[in-house]
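Report on the structure
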Amino acid sequence: MDAFVLQILNGLDKGGAYALIALGLTLVFGTLGVVNFAHGALFMLGAFCAVTLQKLLSLEKVTEDPTQLTAWGTPMEIRTPYIETWLGDLGTTLIDYSVPVSILLAIPVMLVVGVVMERGLIKHFYKRPHAEQILVTFGLAIVLQEVVKSFFGANPIPQPAPEIVAGSADIGLLLGMDPGTVVYPWWRMVYLLFSAVVIGLVFAFLQFTTFGMVVRAGMADRETVGLLGIDIDRRFTIVFGLAAVVAGMAGVMYTPILSPDYHMGMDFLVLSFVVVVVGGMGSLGGAVAAGFLLGILQSFASMNEVKTILPGIDQIIIYLVAVAILLIRPRGLMGRRGVMES
Amino acid sequence: MTRRTITRRDLLKTSAVLGAGFAAPMIFTRGAMAYTNEPKGATVTFGFNVPQTGAYADEGADELRAYQLAVKHINGEGDGGMLATFSSKALKGNGVNGKKVAYVTGDTQTKSDAARASAKRMIEKDGAVMITGGSSSGVAIAVQGLCQEAGVIFMAGLTHSNDTTGKDKRANGFRHFFNTEMSGAALAPVLKNAFGTDRVAYHLTADYTWGWSQEGSIKKYTEQLGWKTAAAVRTPLGAGDFSQYITPVLNSGADVLVLNHYGKDMVNSLTQAVQFGLRDKQVNGKDFAIVVPLYSRLMAQGAGENVKGIFGSTNWHWSLQDEGSKAFVKSFGKEYGFPPSQAAHTCYCQAILYADACQRAGTFMPSEVGKALEGFKFDGLGNGPTEYRAADHQCFKDVLVVKGKEKPTSKFDVLEVVEVTPRSQVEYPAEMLGGELGPFNNGTA
C-alpha cells in the first residue's frame, strides 16, 4: 500500500511537469500549427531565470585577508553577499526564497523571449512544411543551449528550495499508517499544487475571457475569425508568449527537484512530445490527461516488482503505451479531426 | 614531318619507369618511419582528447588546462610544477628527446564514436604520437582499442571502470587513475568504522560499464564486511528525476543507499535522496547512511549542501599536503585562479609520465616507451610511492577516502580527506580482472 501511494505521488509530480510543458507545446501547435522543438529550451531558460536571480542575489563583496593565504599563495578572499549587507535578515530571506521569487522575473522575461522568438523566427515558417519547422526550432534549441552553457558552464547548478519546505512530510500519518512509512518531499507537493493551479489558470483564461474565446475560435477556424476583422495573428503571438511563460514557470519551480543544466530542456522535450501525441495534437485537455497518465505509468513501471518480471520496462513503458493508444485511437486520447491530416 | 607513334613496348617501358619513380619515395619513407608518427622535426605532437562539449565539458576543460600546464613545464616554461618533486629527473625542462612538445586537441563529446573519430584525426592528420584524456570509461576503452590498432600509446584520463585495465586492457594503454576495485577496498574499512558490520545496502546503479563495475566492487567488499544487499537497481543513464527509484528504498528495510552514479546523475540522485529525507531517516534502529563511491570535487560542488557527511573515494584531492600536491596546486592555482580537480591531476601526471618514459627510453617508439613505463616506480606526483604495474598497466598507489565537508570555507572546499588507504590494501592480482595485454603495436614498421 505504501509503495502504491508513493508511486502515485511520484507519478503525479512527474506528470505535472510533463503536463505543463506539453500544455504550452500543444497550445502553440493548436493555434499556430507549428511543431516547436525549441519548447524544451524554454523550460530550460525558465530554470536559468532562477539561476540568474540566485546569482544576482548572491553577488558578493570580496575583500582580501592578507593574513590568510590560499593553497596557491594568493590572499584568502572573504565574501559577503551585498544584499545581506544592505537588507540584513530580509536579504537572507530573499536568498532563501530565490526560487519562488524567480517567478516574478521569469514571467516578463519568458513573455519577451516567446514573442521575440515567434515574431523574429517562427512566423516565417508558418506556411512551410512541418519538417522545416522541426529543423529550424530544433536548431534554435541547440543555439539557446550553447548560449546558456557558455554563460553558466556544463555542470548542474543547485537551487535549494526555501528552508521551510526543504524537508519531507510524513503523509503516511495522515493516511493512518505507521510513522515514516510514506514520506514525501514538501517541495514536490508544492510543485504538484503549482502545476494544478497553472493548468487551472490557463484553462480559465481560455474558457472565461474574451481573449480566450477568440483564441479558441481561431484554433477551430482561423480563416473565419480573420474574416470577422479580428487580428488573430497578434493574438496567436501572445499565445506563443503565454506558452513560453508556462514552460518557463514550470522550469523555475522544477529547479529544486532537478539541478538545472543547459541540457535539461532536451531531456523533457521528447517525453513532452509523446505526451502531446498521446493526448491528441492540439488538445489542451488531452495534453494534461496524458501528462499525468504517462507520469504515473512511468513511476509504476520503475517498481522493483514490475522490473523483476519485465526488466527495462521503465525505460520503454511510455513509448509502448503511446504505440498502443495510437493504434486504438490514431488521433490520440482527445485529438480533433483534421489536425495534421491532409 | 614525321609522326611518332607509341608502340605497346614504349607504353610498357614508360609505365615501368614512372611506376618505379612514384614508388621509390614511398618505399624510402616507409622504411624511414620506424613507428607511427615518428617525429622528424623539432617538435613532437601529443593529442589531448577531452570532452569539450556535452555533460562533462567542465571536467574536460580542467583536463585541458592541466595538459597545457604540463606541456609548459616539460618545455621549460612556468614554475616547473611537479617536475621539481617528481622522483625521476630524466626531464630537464627542455622538451623530450631534444624536441619541444606541441599538442593538438580533440573533442570526445563523452561519446565513444566521437572520441574515436577525434583520436583518429589526431593520429592520421595531425601526427600525434600519443593520445591522452577522457572522462568516461566507455570512451577510454574505445579510444584505447583504436590506439592499439594505430600503434600509438594511450595514456587514459579519468576512467574508473575495472575493465580499462581489466578485461579490455591493451599493451599500448596505460592508466594512472584508480578503479572501482580499489574504491571498494579503500572504502570498506572506513564504512565498517563509521556504520558497523550489520547493515543492509540498497544500490542504485548507472546502467553502463562503469556502473556495473562499481556496483560489483562495492557489493563484494561490503558483503565481506557482513553487510547484506537488499537490492541493486539499474537506472538509465541521465534519468534526471530518480524519485521513482528512490521511493522503493524508503521501506525496503535497507539502512544504507549506495549511489553508483557519476556526474550529473550523482548530483541529481543524491540531491533527491536527501530531499526524500533519507539522510535524516532511522531504519533498523540505525541512522540511515548514503555512500557515493566515486566522488569528484567538480560534481560535489553541483550537489551543494547535500554532500555534507557523505563518504566516497577519490583519486586525489587538492588539499593534500605532500610536496608534489602542493607544487601542483600552487602552479595550477597561479595559472588559473582555482585549485585543480582530480581529473586535472591525473591528466597532468599522465602527460609527465609519458614524457619521462620517452626521455628515459630515448625514443617515442611505443614498444620502448611502454617498456619504460612497465614496472616504473616513482614518487612526488601527489599520490605517494606509485608503481605502473607491468602485468596490466595499472598504477598502484594510495587511495583517498573522502567525506562531504560539514563546514566548507570556500566553494572549492567541499570534501575532506578522512583516510589515506595505503597501496597494500587496495592491491589485487593482475589476473583477477581478466583480459590480455597482448603485444605492443608500433604501427608503421
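That block above? That's the structure.
Here goes a summary of the coordinates provided.

Another aspect to go through is the sheet that holds strand β17 (residues 415-421) of chain B. Residues and elements named next belong to chain B. The 7 strands lie next to each other as β7-β6-β8-β11-β12-β16-β17, forming an open sheet whose pairing is mixed. Either end of the sheet is taken by a strand with one partner, and the two such strands are β7 (228-235) and β17. Ignoring which end each strand starts from, the neighbouring axes of this sheet average 20° apart. Summarising the sheet, strand β12 (residues 311-314) and strand β16 (residues 399-404) pair through 4 bridges and their orientation is antiparallel. Across the sheet, the residue bridging to G312 is V402, located in β16. The strands that helix α8 (residues 264-275) touches are β8 (256-260) and β11 (289-294); relative to β11, the one it contacts most, it runs at about 175°.

Helical geometry note: an α-helix holds 3.6 residues per turn, so side chains three or four residues apart project in the same direction. Residues and elements named next belong to chain B. Here helix α4 (residues 137-150) spans 20 Å end to end across 14 residues, near enough to the 20 Å set by a 1.5 Å rise per residue. Burial analysis of α4 places 11 of its 14 residues in the buried class, the great majority of the element. Taken residue by residue, α4 has S137, V139, A140, I141, A142, V143, Q144, G145, L146, C147 and Q148 as its buried positions. Considering only its buried residues, α4 is in contact with β1 (43-50), α3 (112-124), β3 (130-133), β4 (153-156), β5 (173-175) and α6 (209-225).

To continue, consider the interface of chain A and chain B. Each partner contributes residues to the interface: chain A has 38 residues there, and chain B has 43 residues. Here chain A packs against chain B, burying approximately 3100 Å² in sum over the two surfaces, 47% of which is carbon and sulfur. Across the chain A-chain B interface, the total number found is 4 salt bridges. Here D241(B) ties to R188(A) by a salt bridge, and the two come within 3.0 Å at their closest N and O atoms. Put simply, the parts of the chain that give the side of chain A that touches chain B at least two residues each are α1 (2-32), β4 (183-185), α13 (284-301), α14 (304-309) and α15 (313-328) of chain A. For the side of chain A that touches chain B, the leading source of residues is α1(A), giving 6 residues. Here the residues of the side of chain A that touches chain B are counted per class, giving 14 nonpolar, 15 polar and 9 charged.

About the cut-offs
- Residues numbered from 1 in each chain as written.
- Chains lettered and ligands numbered in written order.
- Predicted model: local features only at pLDDT ≥ 70, side-chain atom pairs only at ≥ 80, totals over all residues.
- Heavy atoms only, no water.
- Pairing = 2+ DSSP bridges.
- Helix = DSSP H or I, 4+ residues; strand = E, 2+ residues; numbered from the N terminus.
- Axes fitted to C-alpha atoms, helices over the stretch in contact; angles between N-to-C directions.
- Contact = heavy atoms within 4.5 Å.
- Expected span 1.5 Å × (residues − 1).
- Buried < 20%, exposed > 50% of the residue type's maximum accessible area, 1.4 Å probe, protein only.
- Buried area = accessible area lost by both parts, 1.4 Å probe.
- Salt bridge = Lys/Arg side-chain N within 4 Å of Asp/Glu carboxyl O.
- Nonpolar A, V, L, I, M, F, W, Y, C, P; charged D, E, K, R; others polar.

Any functional reading would require information that these geometric values do not contain.
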